[in-house]
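Listed here are the chains, written in short residue letters.
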Amino acid sequence: MKIISINKRQNLPKYKQIILSVEMSIAEKRLKRGDKLPSVNKISLEFGISRDTVLLAYDELKKRGIIYAILGKGYYVKSEDFSFEQRIFLLFDELNAFKEDLYNSFMETINRNAQIDIFFHYFNPEVFKKLVHDNNGNYSKYIIMPTNLVNTASIIKTLPPEDVFILDQTNNELKNYPSVHQNHAKDTFNALESGKDKIKKYKKLILIFSSYKQPVGMREGFIAFCDKHSFYYDIISNFDTNEIQMGDLYIIPDDRHLVNVIEQAKKQKMNIGKDLGIISYNDTPLKKVVGDGITTISTDFKEMGRILAELIINQRKEQIENKSSLIIRSSL
């Protein structure tokens with residue numbers, strides 16, 4: 001059972017890494033009152049650091065009443081009852097209504113002495129890389145939303161592996177990390193399958209899909225559904241001044257495209273749910289009322305936040321799929 005962990009590539013000073021390691025070990029019940037800590041010489045030799053660095057860390061822990069020393073024997077855990085403040089690094093792609101629901105649910109469930117710092121990479125690989133690099137070693141837990149960005153696995157692997165949690169999207173390169181994620185291919189297929197009886201009245205299914213932001217699984221699930229049932233379909237990357245044809249069904253992951261389709265339907269004096277259909281992604285309160293209700297494919301983001309917090313609180317290392325469903329309203 002490893003007690004001390006030091007990463008020389010981290011920005012956090014090595015003595016603080018030792019302090020954090022001991023605090024984490026006690027908080028996670030890997031160390032209990034009366035347990036002996038690794039000796040100063042052992043840590044010094046194992047990590048190639050000076051004895052003074054180790055002594056500085058142990059002296060700080062002694063001052064705080066967490067450990068005590070017995071002359072000639074070593075250092076021992078004195079107290080498990082101390083205020084351990086988890087510092088959690090939370091990296092989102094962007095802020096929107098459903099991410100806010102996820103965040104609020106996470107904060108409500110964590111309900112403990114934790115400092116949560118939230119950052120956004122806005123689908124920019126360089127921003128993603130810089131934020132991870134600059135904050136490596138400064139936190140006890142790292143929650144990462146990698147989205148479709150390339151090379152995220154190699155960047156994430158520079159972080160302490162036991163402290164990383166993947167959120168919303170995962171892949172084979174990240175399969176060893178605990179995660180709460182969506183299976184977008186399966187969820188999209190199953191959601192469309194559940195609404196097949198309503199979908200079959202449309203002449204053409206159109207997915208507005210941007211590989212820059214949207215999970216590739218959405219596209220895969222859409223194609224699999226259309227191929228299985230021999231639906232005529234198209235995939236477009238944008239919707240600006242497109243003319244809507246009678247009998248089109250639009251499947252729209254991005255809310256900006258949703259607004260464009262609704263505006264265009266109004267210009268053409270078309271009735272949503274009769275002349276054309278709309279299926280959006282990610283449910284929000286506004287979609288319940290816009291146009292008498294927009295049908296959505298959505299996961300429960302509040303549940304996602306709750307499960308994520310429970311994984312961290314209970315030190316569970318699991319990969320959990322947060323399932324989606326089709327919420328049918330008048331736009332379909």
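Please refer to the structure higher up on the page.
Residues numbered from 1 in each chain as written. Predicted model: local features only at pLDDT ≥ 70, side-chain atom pairs only at ≥ 80, totals over all residues. Heavy atoms only, no water.

### Focus: unusual backbone geometry
Selection criterion: In this description a helix means any DSSP run of H or I spanning at least four residues, a strand means any run of E spanning at least two, and both kinds are numbered starting from the N terminus. Relative accessibility decides the category of a residue: with a 1.4 Å probe and only protein chains considered, values under 20% of the type maximum give buried, values over 50% give exposed, and everything between is partly exposed.
Within the chain, Asn151 stands out as a residue other than glycine whose phi angle is a positive 65 degrees. As for its position among the elements, Asn151 is in the loop between strand E5 (141–144) and helix H6 (152–156). Taking the relative accessible area as the measure of exposure, Asn151 reaches 57% and is therefore exposed. Phi is positive for Ser230, which is not a glycine, with a value near 55 degrees. Within the secondary structure, Ser230 sits in the loop between helix H9 (216–229) and strand E9 (233–236). For Ser230, a relative accessible area of 65% corresponds to the exposed category.

### A few points about the sheet that holds strand E10 (residues 248–252)
Here is the rule we go by: Pairing between strands is defined by DSSP: at least two bridges between the two strands are required. For helices, the fitted axis covers only the stretch in contact; all axes are lines through C-alpha atoms, and the angles between them, taken along N-to-C directions, range from 0 to 180 degrees. The contact criterion used is simple: two residues touch if any of their non-hydrogen atoms lie within 4.5 Å.
Pairing in this open sheet of 6 strands is mixed, and the strands run E9-E8-E10-E11-E12-E14 from one edge to the other. Strands at the two margins of the open sheet, each flanked by one partner only, are E9 and strand E14 (324–327). Pairwise comparison of adjacent strand axes, ignoring direction, gives a mean angle of 15 degrees for this sheet. The sheet contact formed by strand E12 (residues 295–299) and E14 spans 4 bridges and is antiparallel. Paired with Ser298 across the strands is Ser325, a residue of E14. Contacts between helix H7 (residues 184–194) and the sheet are confined to E10, strand E11 (277–281), E12 and E14, with E14 contributing the most and set at about 30 degrees to the helix.

### With respect to the environment of Gly277
Within the secondary structure layout, Gly277 lies in strand E11. Overall, the relative accessible area of 0% leaves Gly277 in the buried class. Measuring from C-alpha to C-alpha, the distance between Gly277 and Ile297 comes to 14 Å, with 20 residues separating the pair along the chain.

### Looking at the side chain of Thr147
With respect to the helices and strands, Thr147 occurs in the loop between E5 and H6. Among the residues examined, Thr147 registers a relative accessible area of 6% and is labelled buried. Ignoring sequence-local partners within four residues, the contact set of Thr147 consists of Asp93, His121, Phe123 and Gln169.

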